[in-house]
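Notes for the structure review
The primary structure of each chain is shown beneath.
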Amino acid sequence: MQIERFAMQVAVHLFLVKGAQVLLLRRYNTGYEDGNYSVPAGHLDGNEEVKTAAIREAKEECGIDIDPASLEMVGVMHRRSNDERIDFFVAATKWRGEIINAEPNKCDELVWADMDKLPPNVIPYVRQALSNFRRKHWFDSFGWEPAFELKK
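For the structure given in this document, a descriptive report is provided here. (Residues numbered from 1 in each chain as written. Predicted model: local features only at pLDDT ≥ 70, side-chain atom pairs only at ≥ 80, totals over all residues. Heavy atoms only, no water.)

1. Regarding the pattern of salt bridges
Quick note on the threshold: By definition, a salt bridge exists where a carboxyl oxygen of Asp or Glu is found within 4 Å of a side-chain nitrogen of Lys or Arg. The buried label goes to any residue with under 20% of its type's maximum accessible area, the exposed label to any with over 50%, and the partly exposed label to all in between, with areas taken from a 1.4 Å probe on protein chains only. By definition, any uninterrupted DSSP run of H or I lasting at least four residues is a helix, any uninterrupted run of E lasting at least two residues is a strand, and each is numbered from the N terminus.
In this structure the tally under the stated criterion is ten salt bridges. For R79, the salt bridge identified is with D87, shortest N-O distance 2.5 Å. Exposure remark for R79: the relative accessible area of 3% places this residue in the buried category. Measuring nitrogen to oxygen at the nearest pair gives 2.9 Å for the salt bridge that ties D116 to R134. Of this pair, D116 sits in the loop between β7 (107-114) and α2 (124-135) while R134 sits in helix α2, and the two are 18 residues apart along the sequence. Given a relative accessible area of 57%, D116 falls into the exposed group. Among the residues examined, R134 registers a relative accessible area of 37% and is labelled partly exposed. Here the salt bridges share partners, and the residues they tie into one network are D45, E48, R56, E57 and E60.

Here you go:
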């Protein structure tokens, strides 16, 4: 008898960093968090390593090429919103090519933002992940109720 196992979505988010700034993309016409800022990101396609997915997303969304050796794994988040997810966060400070909006049907603006002065409409879990990155806090949970409260 085969047991059906729980499965969840897995995504990768890319922090393209210049000094104290990070590239933000404003979501448009996607049906999820439209009008709010995120970073280049996407789901793993299956049979795809996390860094490979980040490189693919960089090309698809920003038109740039990134060497795998230039990517640094900087965080993991176990997140709950409409469903349960695992998010991987990777950072790069070097890439080849000029950053462009390669998906204007899903993004209506690219901006470089100071990580200490992010726009108010950054998606909350992305804001938290950027804060974690700045503090070198590698793992976080987001969107969960506390598992228990200590009784006094």
